[in-house]
Every structure is written in C-alpha cells, then in structure tokens.
Amino acid sequence: MMMIRTNSHLHHAFFKLTGILITNSLTTTPLSSSRLGLESTLLASLLHSTSFSNNGDRRLLSRYQKVTKLDDAFNLFDEMIQRKPLPSAVKFTQLLNAVAKMKHFSCSLDLFKQMCAIGVPVDKYSMSIAIKCCCHLYRTNDGFALLASCFRRAVVPNVFVFNTLLDGLILEDRIVDAERLFKKLIKHKLCEPDVVTYNTVIKGLCKFGNNDIAIGLLRLMDERGCKPNVVAYNTIIDSLCKDKMIEDAFKLFDEMVFAKGIQPDVITYTSLIYGLCNLCRWDEVSKLLKEMEEDVRISPNIQTFSILVDAFCKEGKVHEAEAVIDIMVERGVVPNIVTYNSLIDGYCLRGEMTKAKSIFDSLTSKGLVPNVVTYNSLVNGYCKSLKIEEAMHMFHEITIKGLKPNIVTYSTMLQGLFRVGRCGDARKLFDEMRAAGQIPDEYTYGVILNGLCNNHQVEVALSLFHMVGDSKLNSHIVVYNILIEGASKCGELDTAKTLFHDITLKGLQPNVRTFNIMISGLCREGQLKEAKLLFHKMDESGCPPDSVTYNVLLQGYLKNQNYDDVEMLLHEMDGRGYSIDASTLSLLIHQIAAGSLDKSMVQLIGRLVPKELMDTPA
DNA sequence: AAATAAGCTG
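Residues numbered from 1 in each chain as written. Chains lettered and ligands numbered in written order. Predicted model: local features only at pLDDT ≥ 70, side-chain atom pairs only at ≥ 80, totals over all residues. Heavy atoms only, no water.

Per an unreviewed UniProt entry, chain A goes by the name Tetratricopeptide-like helical domain superfamily and belongs to Helianthus annuus.

This is the structure in structure tokens:
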C-alpha cells in the first residue's frame, strides 16, 4: 500500500518556492523606507491607514465581549444576575457569544438556560447563538427544539437562524434533512435564502461528492438574483481540488476571476495549491505561489505554509520542509500543531525516529499541545521501524494525556503488532478497540486481513472474509488483492483463482495490482501459459500492464528458462520506457554469468537499468 | 446594538 514517488523536479521546484517566498519578503520591507516614489508612498500610507483603522476605527469592545477565560465569564455572569435592575439582554447575549467563540458551546448553552430561567427576555440574537451551540455539539435536533420555542415565544426566526440549523445538519452529515429544510424554506417562504444559505447547501453537496450539483446550485442562485461570492466559488474549487479534479477547479477559478470579476483570496489560492501539491505538479505550485505573492492584498497564511510543509514531508524532503517553516517564522506566521504534525510525520516516514521524537518533545516549549494526529504519526513511525515497545508506549500515552485513540491509531497499532507476528496481542487490541466504541473501517479490515495472511493464517483471513459476506467492506478491490496474494503465497493457487474469478461476478474490476499479484502467483507455480494469457488480457480489460507487470513476468520467464520470451519482453519494456527492478536485475545477472543470455541482450539490459541501481552495489 | 460560512492525520 506504500507508494514511493521520486520527483526530479522537486528539488528544483523547492528553490523556486523558497526563492519566491524570500524575494517577496525582501521586496515588501522597503515599502516603509524613505526612497519611495509617489505611488509607493501613497500605497504605504494606505497601508498605514488600514492598520490604523483595524484598531482605532473599531468601536471599543464591551467587557462582556472581552472575556477570554471561562472562569471570568462565569464570574461576570454571576455578578450580572445579582444586579438590580438586570443588565440588558444585549449584555447577556454578548457574554453568551464570547463564551461560544471560545468554543465552550455547552457552557454557553448553560448560561443561556440560566438566563431564560431568571426571565431575561430571549430574542432572535440570543436564540441564534444558543442554536449555534446546539449545532456545534452535534445536537441539531435540540436546535430545532429551540426553534419551536421561538415560535411559542413569538420570536421570529430569521435567515441567520435557518442558516445555522442548515449548517448543523450538514455537520452531522444529514444531507437529506438539509436539502429538505432548504426546500421548505423556499416553498413556505420561511425566509429569503441569502448567499450564506446557498453556500451552506453548496458545502453540504460538496461534502458528499456532488460537485456537479453544487455547480448547478451556483448557477441557480445567480439566476435567482443571489450573486455568488468568493466563498461559494472557494467551496466548490476546494472540493474539486480534493477530488483531484484540478482542471475543473481552474476552470471555475477563471470563470470567477475573468467572467464574474470576483477577486480570489488566500483561501482560493491555498485550495488550488493544495490540489496541485496532491498531484505533485510542483512547477505549477511555484507558478501559483508566485501569482499569489504578486497580489499585494494576499499573503500566504498558516494553512498555505502548512500545506507546503506537508507536501515536502510527504516527498521525504524534511529539510526543505524545515526551510519553509523558517520562512514562515521570518514572515511572522506562527507554525501551529498541524505544521509540526506534518514535520514529525515526515521524519517518522523516513524512519528517523530520534529526530521525530525530539521535535515531539520540543512542542511543549513552543506552547503547542500534541493531538491524536501527532501520536498517530509516532505510533506509525515506531511500528514501521519495528520498535513495537516504543509504539505501545506512545499508544498508552494518548489515554494518559486525556486524549482518545481513534480508528487510525488502532489500525496503525494493529498493523504494527501483526508485523512483528504478535497476532494474539492484535486480537486483544481489536477487542479493546470495539469495547472503546471505535467501529473498524475498511482500512482496519484491510490491515487485519493482511496481517493474518502474512502470519500464515490465510484460512482465518478467508473465513473472516466469508463471514463479512456481501457487506460494503468486501466491495473493495483491495480486499481481493490482499487475499489473492495471501492465498497464492501459501501455495493455494486454486483459491486465488477462484477469488480472482469472483471479482467480476461481484461486479468489481480487477486493477493493475490484482493482475500483477495473479501473474506473479501463476509464475511461482510455473503456470507460464496462463500467466501469459492473463498478461495479454490486461489491455482489453482496460488495465494496461505497468512496469511491475513486466518485471514479474520477466522473473517468471527467467526462472523457467523461457529465454525467447525474455528477449521479447525486454524489447517491449524498452519501447514503453519501463525499467528493470533490483530483484529482476539480480536474476538477469546470474543468467548472464551462466551464459544463458545472448551477449546482444547485455547492452539492452544496461539501458533498462535505472541509474540508482547502478550506483548502489546490490 | 449583538450572529452564520470553505482549507491537515493511516
């Protein structure tokens, strides 16, 4: 399941990236210096005036809005309810909002209830905050109950309240309910949907992969006289980027900028940069980053930088990632736990656990608190380095620190235990996981099947597979790939063949990996004719052979002394630009030494061996 | 005179 991508452009791209970032920070500094032209002075003064208006122009916050600690909020509230006469509803509402802003939703809700109990009049403002709190606590139904009480109290809910409820439904993945509510609003004219209403529904559609319908709604809102804004476009662009449909994302971007004249913001750029990073299209990343830097109104923020850090780390370029962190710090953007999670994960993936651990240990001094994601990376890193005791230690640390291991944590730990052959402990952990209320997903399922197969328990894996039956868990090709590989490695090729046959019966499609595993199994048993047959079936199955297929088949031919076929395959590989992997190469070298291969082949083979293999002695 | 929204973990 691991994919190693090497990208020669990356290093180059990195210098471009950091180059852009550094040049920009240099060009922005002289703005305040004296050797500026008139226009620049104007610009500088504009900059000054905006920074002034940020503080000076804004009205002073009331003490009810200024609360930053929960205790202060409660104390203030207690003091307020003793006062005679009671402070205005506005003051109470401001306090409620301040508490909600601190994300203490249930506290805010408590205060709201107390406030109602002592008879402070409730209006649409306090109602909408209370409803928001319910929604953020995944208790949207309670939000609807409050809505009902609005009607009883003759408080007319406005579009804010409905938007909040709509958002709550989407947060709970209740997309059908959300659509129903949306239609009801329009049909019964409960309120006039505004741009936020539409955007919220668009967000819901995107969340469920309905990008096309989301775009449809974007058109519809325009027709209905509600102009889409940058948020509407960003939501869809972001969703398209996540679904790797980057061309469509750029199409929408162009439409937004050139046809509608809407200015992109940092979120637009960040989404697109994320999409490009995800596809390893580094040159375009630099281009876009440059474009963004050229727009004086926009500068990369913590997310933009974190995405770059993450991209470098995923490519194994941890030093480049650290350079990005240095640049962001220089620019006054403070890295957060997400940024460091990427870096820690990067070191873990490289197996540099000492370094990973030392960054982890330094978090506290930076005022950052590790979260489950942080621990998951370390658990994963230790497992991959076969340091299972350290992994277990980290795993237990999660609960000690008051956090909860999630499905990723359990799956990772399970994988680690299987990997060192501790099937019994894996079983125990699996039970523990279910007792903790964590529902295994398809990934967990794959880890377990794979773990059993690799520990000579194919039978157990197969019976688990049959027990799961026609459930959704078994409708993924990965499951078949694991079992076919497991069965054929145990010499149960007939079982493997049956499974392979079942794939199409189930309406699934074998992928390249499925074919490769099957061909490799057939070769192992010396069934070269069948292997060849399958190889030729690949193209017509819409699944053309890749470099792995050729290597697998080549090894089969070599082991069975089919030298004519070897020659043919080598020529085909040359034509397709595929190269020879390390284990095929060592087989070939043996054959060359034994004099089984024609001298004329040697040159061709030399051409098919990648440089990296030549440099490192086997 | 107070309020709603879209970007990272295996």
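Peer 1: Sorry, what's going on with the overall build of chain A here?
Peer 2: Across its full length, chain A holds 34 helices and 0 strands. Expressed as a percentage of the 618 residues in chain A, the buried residues total 44%. The contacts in chain A between residues at least 6 apart in sequence include a share of 61% that link residues at least 24 apart. With the model as given, the accessible surface of chain A reaches about 33000 Å², and the carbon-plus-sulfur share is 56%. (Helix = DSSP H or I, 4+ residues; strand = E, 2+ residues; numbered from the N terminus. Buried < 20%, exposed > 50% of the residue type's maximum accessible area, 1.4 Å probe, protein only. Contact = heavy atoms within 4.5 Å. Areas by Shrake-Rupley, 256 points an atom, 1.4 Å probe, with all protein chains shown as cover.)

Peer 1: Help me out: how do you make sense of the protein's contact with DNA strand B in this one?
Peer 2: Residues in contact with DNA strand B amount to 39 residues; listed here are only the nearest, V90, N97, Y125, K203 and V338. Sugar plus phosphate: this is where 35% of the atoms of DNA strand B within 4 Å of the protein reside. At 2.9 Å, a side-chain N or O of D123 approaches a base nitrogen of DNA strand B. With respect to DNA strand B, the side chain of K132 contributes an N or O atom lying 2.7 Å from a phosphate oxygen. Tallied by class, the residues present in the surface near DNA strand B amount to 12 nonpolar, 18 polar and 9 charged. (Near = heavy atom within 4 Å. Polar contact = N/O pair within 3.5 Å; in protein donor to acceptor, adjacent residues only side chain to side chain. Nonpolar A, V, L, I, M, F, W, Y, C, P; charged D, E, K, R; others polar.)

Peer 1: How should I be thinking about the state of the cysteines in this particular structure?
Peer 2: In protein structure, a disulfide is the covalent linkage between the sulfur atoms of two cysteines. Across all of its chains, the model carries 0 disulfides by this definition. No disulfide involves C133; its sulfur sits 7.0 Å from that of C134, the nearest cysteine. The thiol of C490 is unpaired, and the distance to the nearest cysteine sulfur, on C453, comes to 7.1 Å. Given a relative accessible area of 38%, C490 falls into the partly exposed group. (Disulfide = S-S within 2.5 Å.)

Peer 1: I would appreciate a short explanation of the packing of helix α12 (residues 230-242) against helix α13 (residues 246-259) in the present structure.
Peer 2: Relative orientation and spacing of two packed helices are given, respectively, by the angle between their axes and the distance between those axes. Where α12 contacts α13, the two axes come as close as 8 Å, and the packing angle between them is 165°. Of the possible angle classes, the one that applies to α12 and α13 is roughly antiparallel. In the packing of α12 onto α13, the handedness of the crossing is left-handed. Of the residues in α13, those in contact with V230, Y233, I236, I237, L240 and C241 of α12 are I246, D248, A249, L252, F253, E255 and M256. Grouping the constituent residues of the contact of α12 with α13 by class yields 11 nonpolar, no polar and 2 charged. (Axes fitted to C-alpha atoms, helices over the stretch in contact; angles between N-to-C directions. Parallel < 35°, antiparallel > 145°, perpendicular 65-115°, else oblique. Left-handed = near helix turned anticlockwise from the far one by under 90°.)

Peer 1: Mind showing me how you'd approach unusual backbone geometry here?
Peer 2: Most of the time, phi is negative for any residue but glycine, and the peptide bond is trans. Cis geometry marks the peptide bond from K84 to P85, where omega comes out at 0°. Assignment of secondary structure puts P85 in the loop between α3 (70-82) and α4 (89-101). The phi torsion at L386 lies on the positive side, around 60°, for a residue other than glycine. Looking at the element boundaries, L386 is found in the loop between α20 (372-384) and α21 (388-400).

Peer 1: Which parts of the structure should I look at to understand α3?
Peer 2: Counting along an α-helix, one turn takes 3.6 residues, and residues three or four places apart therefore face a common direction. With 13 residues, α3 ought to run about 18 Å at 1.5 Å a step, and its terminal C-alpha atoms sit 19 Å apart, in line with that. Among the residues of α3, those classed as buried are A73, L76, F77 and M80. Down the axis of α3, the smallest arc covering the buried residues is 105°, so these residues share one side. Turned more than 90 degrees away from the buried face of α3, the exposed residues are D71, N75 and Q82. Where α3 is buried, its residues contact α4 and α5 (105-117). (Expected span 1.5 Å × (residues − 1). Arc of directions from axis to C-beta.)

Peer 1: Whenever I open this one, helix α27 (residues 493-505) confuses me. Can you help?
Peer 2: Given a rise of 1.5 Å per residue, 13 residues ought to cover 18 Å, and the 19 Å separating the end C-alpha atoms of α27 matches this to within 8%. Buried within α27 we find L493, A496, L499, F500 and I503. One side of α27 holds all its buried residues, which, seen down the axis, span an arc of 115°. The outward face of α27, more than 90 degrees from its buried face, is lined by the exposed residues D494, H501 and L505. Packing partners of the buried residues in α27 comprise α25 (458-468), α26 (477-489), α28 (512-524) and α29 (528-540). Looking one or two residues beyond α27, the residue adopting positive phi is G507, at roughly 80°.

Peer 1: Sorry, what's going on with the packing of aromatic side chains here?
Peer 2: In this description, a pair of aromatic rings is defined by centroid distance and the angle of the planes. One pass over the structure, following the stated rule, counts 10 aromatic pairs. Geometrically, the ring pair formed by F250 and F253 is edge-to-face, given 6.3 Å between the ring centres and 80° between the ring planes. With F250 and F253 both in helix α13, this residue pair falls 3 residues apart, about one helical turn. What makes F253 buried here is its relative accessible area of 6%. Between F535 and Y550, the aromatic rings sit 5.4 Å apart at their centres with planes inclined by 85°, giving edge-to-face as the arrangement. In this pair, F535 sits in helix α29 while Y550 sits in helix α30 (residues 547-559), placing the two residues 15 residues apart along the sequence. For F535, a relative accessible area of 6% translates into the label buried. An aromatic cluster of at least three residues, connected via ring pairs, comprises F250, F253 and Y269. (Phe/Tyr/Trp six-rings, centres within 6.5 Å; stacked < 30°, edge-to-face > 60°.)

Peer 1: Can you help me understand the packing of α21 against helix α22 (residues 407-419) in this one?
Peer 2: Remark: α21 packs on α22, axes separated minimally by 10 Å, with the N-to-C direction vectors making an angle of 160°. With respect to their mutual orientation, α21 and α22 come out roughly antiparallel. Note on packing geometry: the crossing formed by α21 with α22 is left-handed. Residues I388, A391, M392, F395 and I398 of α21 pack against T409, Y410, M413, G416 and L417 of α22. Residues belonging to the contact of α21 with α22 are distributed by class as follows: 8 nonpolar, 2 polar and no charged.

Peer 1: Can you walk me through the side chain of N516 in this structure?
Peer 2: As for its placement among the helices and strands, N516 is situated in helix α28. Residue classification places N516 among the buried residues on the basis of a relative accessible area of 7%. Within polar-contact distance, the side chain of N516 engages the side chain of T549 at 2.7 Å. When residues no more than four places from it in sequence are discounted, the contact partners of N516 are M538, D546, V548, T549 and V552.

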